[in-house]
Structure formats: structure tokens, C-alpha cells
Protein chains: 2
Amino acid sequence: MSISAEIIAVGTELLLGQILNSNAQFLSREFAGLGIDVYRQSTVGDNRGRIAAEVKAAMARADLLVLCGGLGPTEDDCTREGVAEALELPLVLDPVARAQLEEQFAGRPMTANNLRQATAPSGSVILPNPRGTAPGIFIDHGGKLIFLLPGPPRELTHMFTNEVVPILRSRGVIEGSIFSRTLHMAGIGESTLAATIADLIDAQTDPTIALYSRLGEVDVRLTTKAAESQYAKSRIDSLEREIMSRVGEHVFAYDDMTLAGALGTLLREKGHTLSVAESCTGGLIGHMITGEPGSSSYFLGGLTCYSNDAKRELLSVSDRTLKEFGAVSEECAAEMLAGVVCCFGSSVGIAVTGVAGPDGGTERKPVGTVCLAYGSASSHRTVTVHLRGERAAVKERAAKEAMRRLLLWLKEDEPR
Amino acid sequence: MSISAEIIAVGTELLLGQILNSNAQFLSREFAGLGIDVYRQSTVGDNRGRIAAEVKAAMARADLLVLCGGLGPTEDDCTREGVAEALELPLVLDPVARAQLEEQFAGRPMTANNLRQATAPSGSVILPNPRGTAPGIFIDHGGKLIFLLPGPPRELTHMFTNEVVPILRSRGVIEGSIFSRTLHMAGIGESTLAATIADLIDAQTDPTIALYSRLGEVDVRLTTKAAESQYAKSRIDSLEREIMSRVGEHVFAYDDMTLAGALGTLLREKGHTLSVAESCTGGLIGHMITGEPGSSSYFLGGLTCYSNDAKRELLSVSDRTLKEFGAVSEECAAEMLAGVVCCFGSSVGIAVTGVAGPDGGTERKPVGTVCLAYGSASSHRTVTVHLRGERAAVKERAAKEAMRRLLLWLKEDEPR
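Residues numbered from 1 in each chain as written. Chains lettered and ligands numbered in written order. Predicted model: local features only at pLDDT ≥ 70, side-chain atom pairs only at ≥ 80, totals over all residues. Heavy atoms only, no water.

Some thoughts on the pattern of salt bridges
And then number 1: For the structure on display, the rule yields 45 salt bridges over all chains.
And then number 2: Residue E54 of chain B is joined to R40 of chain B by a salt bridge in which the shortest nitrogen-to-oxygen separation is 3.5 Å. Of the two residues, E54 of chain B sits in helix α3 (residues 48-61) while R40 of chain B sits in strand β2 (residues 37-44), which places them 14 residues apart along the sequence. The exposure classification of E54 of chain B matches that of R40 of chain B, with both residues buried.
And then number 3: Residue R98 of chain B is joined to E102 of chain B by a salt bridge in which the shortest nitrogen-to-oxygen separation is 3.1 Å. A residue pair is termed a helical-turn pair when its members lie 3 or 4 positions apart in one helix, as R98 of chain B and E102 of chain B do in helix α5 (residues 95-105) at four residues.
And then number 4: Linked by salt bridges that have partners in common, E6, R40, E54 and R61 of chain A together with E6, R40, E54 and R61 of chain B make up one network. (Salt bridge = Lys/Arg side-chain N within 4 Å of Asp/Glu carboxyl O. Helix = DSSP H or I, 4+ residues; strand = E, 2+ residues; numbered from the N terminus. Buried < 20%, exposed > 50% of the residue type's maximum accessible area, 1.4 Å probe, protein only.)

Right, dumping it as C-alpha cells:
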């Protein structure tokens, strides 16, 4: 049974921008994994009339509705009341919820407002909340399934996994499976990628293809619904092969793997150690690489040399190179690479020097000009790239491009 | 004029839970600061019909509509088309947008899909996007104001401040004035801060006090509505003085200033140069410091030494210190500081060594233990802090705490 879901977050603090709506992300991700399509998320304040209007509108479109927040004991919490109004059901005191609440309060004084937490629209099923005082509520309203969950994320996630999912399974809402694979790419823009695989995107039916871009990266997600996992895998494999044949050099990792993680895995596999010489990236490459747990097994360290003096004295870049080619040159990058590999005694290295902007650009070397060197002391490559964006974007793109190039070198060019 | 706003985020990646909807938070927070009420946020996928339906429904309720996302160059980006359908307006190629796009692509190949980014519903005003390729769009539809903004947060925030706010002012939507001042704090948790100024928060009427927390930082925003700026300023000044008397040591900057920016400004004012020795932060401090344009005038560079060998050989940390106190010790941090200041010849420095986790913790030095040294070669301080969170959080909190401590040292402790 394929059904559509909507998520309604309730809370004035969300409308004031005081907190991030992480519940909507959690619920959406869980539903995607369970094969349930979420067509809409919305957020309304703690206002009974607006909650009721939102629920009515959503019920006209969706089969499954999850509301989160507004179940607390204070006056402004009125999700129960709003839902009861929308469904035209009376709110009744639920004996099970009352008993649970009294048990949780054992000894401590309970206010009239606390008791409101034990009310629910007539015909509801109460969902226990071991992590807080507000119980959840489940309503089957003529086949439409409605869940009211508490707002605090640790209460909501626990109740979702332990109460909501079992109910959805018992109703046959969750069945079969969804398979997906994400290809992470760098060194290619979203629009160039889209143009390169336009025919595949146009022809997509099953698997589907979705592109997501981040600064300096593009993700391609291939998704298929299938009853049988072997069949699903072979369909995804075949589409992936076609994409790889066109843009394979840009694919650096799959699914949850990051660029730094993919690079780290390969370095470890090949028994390499790494050091980095940074100028315009200012330490970002080292920061990204050390974001991976266990990176100390291959990352020895880095030298960030912002000034020419430091490049000369600490990385042994020659005076002649700085004068003849300048600090932003492939020649300088190559000497920085040799210098840092020697300093740390690492087997491979990365060196980056460029113009991050907003100042420092010239006609010949405008902002965004970045020279990279990567490889080992005995065998390295250099390249000049032109990156767009402001200072932060140039830094991030440069760091990612340098890491992608070293990854490719390790896969393809490294002397055997 | 008091008006109500709605925010519509567009993007299937939001409905799949792949990204957090930080744009809704940013826009809601900005509107709250400008005195504009947001009654609803919603999220729909990259689907023309559903975007159109959402826009129609929102226009029936609100005076001001902001859509974000879905302006990219790929097939599935169809916010323009959805809005045009809802307003029953044709999409036309805008010559200004086309010229801007061609300028940005100067030299690089432009696809047919890129050109879609230069189309807009007939009668639109094009909003320039210096941070990306997708221009924004403003439509005055019979008095209802509709803005289409790009999805990437750094493009959206820039366009909001530089294009949307001026238009709202020119239309009288933002009037009188709202004065606000944000105090940025570090080294103190949101709940500790809230408890320390609880009486001020409880008594707030005008100015209002709002707390926003980020990783390792808390912002306190003081806002007052007033006709006369001198009066507003004096009210905010007086509340700020009271807050400063309680938690002044934690306040590192105001309004748009970042921690790295505040530190850079002070270093420049005092004629200092800086170098950093990093271990567990892996280059993050250097990265943050070089995020500021012009940082090359005071930042000489950094040495990231992940291994003990590198600490010994490159930073001259003594064998005895490493054996007796270990790499995570104030003694080691102090020697790292002396080493890096000597290497780069800087007048002041920062050194950080700690356990970022998830592995490497011991009973005496659990994950989150971080030792800092800061100051000059002749006068420095050391401290051990215990930071919570996962690897990324420990790194970020450590970097910020080190920078805050050096800032405080420069303000108060530096020998004259």
C-alpha cells in the first residue's frame, strides 16, 4: 500500500526562528527509509484555530498525518484541542493516560494543566512516553492515520521508533522495500553534470535520479522500489555503470562516506601517511581530514604558511621561485609539497596556494586562481584551477578539489 | 503597517530529510527582528503543481510570501514555474537577468538549463545574486509581496539583507524603527546564561531579550521598538551594561562580528602577529582565522602536529614533557606555544592539544579534555577545559574557546 504523509510541527518558537525544526528532518528521513512519501511539511504556532485549519487541509490531501509539539502542560500547548476541533471529536480524559501520568508524578503535586495531558480526542489510542510527561496520541479517523507526538526530539524519536513504526507495520503501511545509492561527486558543477546525464534524467522511471548540490560537491541519488533486493541492486548497478562511464573521475564516494573519509580509507589501505601544506585554505584541509575518527593513523600534520617568509623558511620554497613565478604558481605549490613531505616525513602530500579574495587578485591571477600539487616526493602532479565564489567558497572548493585530486592520483597515477 | 508573512521552502531533499531547513529559521528570526509576524512555514517538493497550490493557499492568508529554493538550473527546479502558474502569469526571459548570468559565466559554457535561470513571471523585478548563479525574483501581485530566493543559505542570507529588506522598507512594511543589538558570547552554556540573567528575562518588556545558541556560542539579542534612535540606544545601552556586569568576560563581539573577526581586529589594532599550533583541532583555528578577509596582515601561519614525533621535531616539545605529562597536558600546550611562536616569529600564539574522540580517552583524560596555551613567548597562560559533544563539536568548541581566551588575554592580561 503506497500512502502519502504530511508532517505538521506546532510551536511558536519555530515561527520566531528560535529553534531549528530538526523533528521534521528526522521524521522525513525515517519515512523516506520506510518507503512512505512525504509530500509536505508545515509549521504553525500554538494557536488552536490555525492548528485545526492545518489539520483539515492536510487530511484532504494525505493518508498519514504526524503532528509534533504542543502537547505540554502549559496554557499555550493546544495541539490536542486543535486536532479535536478539526475532527469534530470531543476531548475526553483517558483513564490509561491518567494512570500513566499519576504514576510519573508519584508523590509530586499535579496541576490541573498537567491533567490536560491525559485528555485525547474520543476514540484515541494513547502512546506511552517513557522519556517525558506528555503521552502521544494515535487516531484512526475513517482510515486516515493521525499521530500526535511530543516536541522534545529525544521523546519524539523514541516514540516514533517504539510506537509509531509498529502501528504502521501492523496496518500494512510499511511493506516491501526501497533501495537507494548516493554517488558523491566533486570537481563538476550541478548544471554541467545535469547536462552530461540529461538523457538519463529525462528517461528516468525506475530507478529515479535526483541531484543535490553542496558547495564544491554534487550528490546523485539513485532510488528504486522493489520487492526483491537482488533485482533492485542490479537495476541500480546498471544505471550507476552508465553514469560512471561518463563522469566516473568525479565520483569520490558512496552513501554516507565523505570525501575526507574516502581519502582516509584509501590512504590506510595503501599504507600511506599524509601531510599538507596550505596557504589560501588556511588549515581547512587539515581540519577536514581530522574530522574523521582515526585519522591520526595516517595524518601526520600540516604546515599553513600564509606569508612568503614562512613559505621560504619552513617549507624551503626558493627565493627564485617566489620572484620568478610568484607565491601563486604551480612551481611554488610543487616546492611546498616537497617541503611539507620532507618536514613531516610523510609518504604523500597536498599543497595549495591561491587567491581566496576578496583582495589580492591581479589580471593574470584573479581571485579564485588556485594552484595545487599532490602526490609523493618522487612523483607528483600540479594543476591550476579557477574557482568561483567568495572567500569562504573558494577556500572550501580548493580544499575539496585538492583532496579529490590526491584521491584520483592514489587510484590511478601512483607509480606501482 | 502590520502585516503577516508565510515562508515556503521548496525542495525534495527537505522532504526526504536530507538537509535541515535552516532557511526557515533564518527568515523567521529576521522577520521577528523586523516586527513582521510569521504565521506559517511550509515545505513542498520540487513539483510545479504542489508549489502552485501552496502559493495560492498562502496568498489567501498572508500579505508577504517568501519562497526559497528550486531556482537552480536542473530540470527538477521549478519554483519559477509553480509561482507563475499560481499567479496566472507567463514566464518571460528577463534581459537584466540574462546579462547578469552571461557575465557570471564569462568564458565558461552555458547550457539551455542555465538560461532558465534568467526567466521570471511577467512583471517581476530581478534581484541580483553575487554569491551564485540563480537570481532572486520580486513580484508585487496586487499589493501582495512575493519573493523567490535561492536555496543555498549563504546566497539566501545575503540576498535577504541586501535586496529584500530594502524593498520592504521602501514599501513601508518595515517602519518606525526597530533597534537591536546582539551580544555574542562563548565559554558559557545557554542554560547557565539563562539562569544568570533570569530576572532580566522574566522582567523583559522593552527592550526584549532573546537567546539563540549555536555550537560553542550563545547570542543575546536585545530589541526595542522606538520612534527615536537616541532613546532606543540608551535603553539598549542600559540593559547591556547590566548583562555585561554579570557575564562580560564571555562577550566577544557585537552584531555581525565573528569571533575570528573580533580577534583579528584587536590583533591589528595592537600591531600583533599570530601563529597557531594545533593538535586535536587539526587546522580549524587557522581555517577560522583565515576566514576573515585581510587576515594575512596579522596571521603568519600554523603548524598542525598530530603525531608526537611532529610535536617533538617541529615544535620542539621535549621528550620529558611528553613522557611525564603526556601530549594532552598544559605543559605540552605551553611548549607547543613557545615552539610555534619561535618557528613563525609571531608576537603572540595559540596552542591546542586534546582528546577529540571518539577514541583516545582515558579515565584521567576523557574525551573532551582539551589543554590550551595562549599569549606571547614571554607571558602566556594555560588552562584545561572539558568540552562536551562528539568529535566535530569538541573540535569546534576547542577552537572557539582558544580564540576567546586569547582575545581576553589581549584585552586584559597582556603585559603593557
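Description of the interface of chain B and chain A
And then number 1: With 64 residues of chain B at the interface, the matching set in chain A holds 62 residues.
And then number 2: Between chain B and chain A we count four salt bridges in total.
And then number 3: Seen at the junction of chain B and chain A, the total is 28 residue pairs in polar contact (both at pLDDT 80 or more).
And then number 4: Here the side of chain B that touches chain A is built from residues that sort into 24 nonpolar, 27 polar and 13 charged.
And then number 5: Sheet topology note: the strand β2 (residues 37-44) of chain A/β2 of chain B ladder contains five bridges and is antiparallel. Counted as the bridge partner of V44 of chain A is R40 of chain B from β2 of chain B. (Contact = heavy atoms within 4.5 Å. Polar contact = N/O pair within 3.5 Å; in protein donor to acceptor, adjacent residues only side chain to side chain. Nonpolar A, V, L, I, M, F, W, Y, C, P; charged D, E, K, R; others polar. Pairing = 2+ DSSP bridges.)

Section: the layout of surface pockets
And then number 1: Taken as a whole, the second largest pocket encloses approximately 850 Å³ of empty space.
And then number 2: Taken together, 32 residues line the second largest pocket, and the ones lying closest to its centre are D37, T208 and A210 of chain A together with T12 and L16 of chain B.
And then number 3: Every element with two or more residues in the lining of the second largest pocket is listed here: α2 (22-33), β2, β10 (208-214) and β11 (217-226) of chain A together with α1 (12-15) of chain B.
And then number 4: Ranked by residue count, the leading element in the lining of the second largest pocket is β10 of chain A, at five residues.
And then number 5: Here the lining of the second largest pocket is built from residues that sort into 13 nonpolar, eleven polar and eight charged. (1 Å grid on protein atoms, 1.4 Å probe; cavity = no way out; pocket = protein on both sides within 12 Å on 5 of 7 lines; lining within 4 Å. Points joined across faces, edges and corners; volume = space filled by probe spheres on them.)

What about the sheet that holds strand β14 (residues 299-305) of chain A?
And then number 1: Here ten strands make up an open sheet; going across it, the order is β17(A)-β16(A)-β15(A)-β13(A)-β14(A)-β14(B)-β13(B)-β15(B)-β16(B)-β17(B) and the pairing mixed. In this open sheet, the two strands that pair with only one neighbour each are β17 (380-386) of chain A together with β17 (380-386) of chain B. Between one strand axis and the next, the sheet turns through 10° on average, direction left out of account.
And then number 2: Pairing of strand β13 (residues 274-278) of chain B with strand β15 (residues 348-354) of chain B involves five bridges; the strand directions are parallel. Each bridged residue has a counterpart across the sheet, and for E278 of chain B the counterpart in β15 of chain B is V352 of chain B.
And then number 3: Sitting on the sheet, helix α15 (residues 330-344) of chain A is in contact with β13 (274-278), β14, β15 (348-354), β16 (369-375) and β17 of chain A together with β14 (299-305) of chain B, with an inclination near 140° to β15 of chain A.
And then number 4: Here helix α15 (residues 330-344) of chain B sits on the sheet in contact with β14 of chain A together with β13, β14, β15, β16 (369-375) and β17 of chain B, set at roughly 140° to β15 of chain B. (Axes fitted to C-alpha atoms, helices over the stretch in contact; angles between N-to-C directions.)

A few points about the packing of helix α2 (residues 22-34) of chain B against helix α7 (residues 153-170) of chain B
Residues and elements named next belong to chain B.
And then number 1: Two elements in contact, α2 and α7, have axes separated by 11 Å at closest approach and are oriented at 25°. Classified by the interaxial angle, the pair formed by α2 and α7 is roughly parallel. With respect to the hand of their crossing, α2 and α7 are arranged in right-handed fashion. Within the contact between the two elements, α2 uses S22, N23, F26, L27, E30, F31 and L34 and α7 uses P153, L156, T157, F160, V165 and L168.
And then number 2: Residue classes in the contact of α2 with α7 are distributed as nine nonpolar, three polar and one charged. (Parallel < 35°, antiparallel > 145°, perpendicular 65-115°, else oblique. Left-handed = near helix turned anticlockwise from the far one by under 90°.)

Section: the environment of L259 of chain B
Residues and elements named next belong to chain B.
And then number 1: The topology assignment puts L259 in helix α11 (residues 259-269).
And then number 2: Residues L259 and H184, 75 residues apart in the sequence, show an inter-C-alpha distance of 8.3 Å.
And then number 3: When neighbours within four sequence positions are excluded, L259 is seen to be in contact with F252, K400, M403, R404 and L407.

Things to note about the pairing of β11 of chain A
All names here are of chain A.
And then number 1: Within β11, nine of the ten residues are buried, which leaves it mostly tucked inside the rest of the structure.
And then number 2: As paired elements, β10 and β11 share seven bridges and run antiparallel to each other. Within β11, the residue paired with A210 across the bridge is R221.
And then number 3: Hairpin geometry of β10 and β11 is characterised by an intervening segment of two residues between the two adjacent antiparallel strands and by a positive phi of about 75° at G216.

Examining the domain arrangement of chain A
Frequently, the measure chosen for interface size is the accessible area that the parts lose on association.
And then number 1: Split by domain assignment, chain A resolves into domain 1 (4-170), domain 2 (177-254) and domain 3 (259-413).
And then number 2: Its C-alpha centre places domain 1 of chain A at a distance of 51 Å from the equivalent point of domain 3 of chain A. (Domains from an automatic or database assignment.)

A closer look at unusual backbone geometry
Residues and elements named next belong to chain A.
And then number 1: Geometrically, the link from D206 to P207 is a cis peptide bond, its omega value of 0° lying close to zero.
And then number 2: Following the sequence through the fold, P207 ends up in the loop between α9 (198-203) and β10.
And then number 3: Across the junction of G357 and P358, the peptide omega takes the value 0°, indicating a cis bond.
And then number 4: Here P358 shows up in the loop between β15 and β16.
And then number 5: Here the phi dihedral of D255 falls at roughly 50°; this positive angle occurs in a residue that is not glycine.
And then number 6: Inspection of the secondary structure puts D255 in the loop between β12 (251-254) and α11 (259-270).

Looking at helix α16 (residues 391-413) of chain A
And then number 1: With 23 residues, α16 of chain A should cover 33 Å at 1.5 Å per step; its first-to-last C-alpha distance of 31 Å lies within 8% of that length.
And then number 2: Burial of α16 of chain A is extensive: 17 of the 23 residues sit out of reach of the surface. (Expected span 1.5 Å × (residues − 1).)

Considering the nonpolar core
And then number 1: Within the largest apolar cluster, 44 residues are counted, with the highest numbers of intra-cluster contacts made by L303, L315 and F344 of chain A together with L303, L315 and F344 of chain B.
And then number 2: Each residue touching L303 of chain B, except ones within four places of it in the same chain, is listed here: G302, L303 and F344 of chain A together with V276, A277, E278, L314, L315, V340, C343 and F344 of chain B. (Core = buried A, V, L, I, M, F, W, Y, C linked by side-chain atoms within 4.5 Å.)

Some remarks on the packing of aromatic side chains
Residue and element names in this part refer to chain A.
And then number 1: This structure, assessed with the given rule, holds eight aromatic pairs over all chains.
And then number 2: Aromatic side chains F26 and F160 sit 5.8 Å apart centroid to centroid with 85° between the ring planes, which places their arrangement in the edge-to-face category. On the criterion of sequence distance, the pair formed by F26 in helix α2 and F160 in helix α7 (residues 153-170) is long-range, its members being 134 residues apart. (Phe/Tyr/Trp six-rings, centres within 6.5 Å; stacked < 30°, edge-to-face > 60°.)

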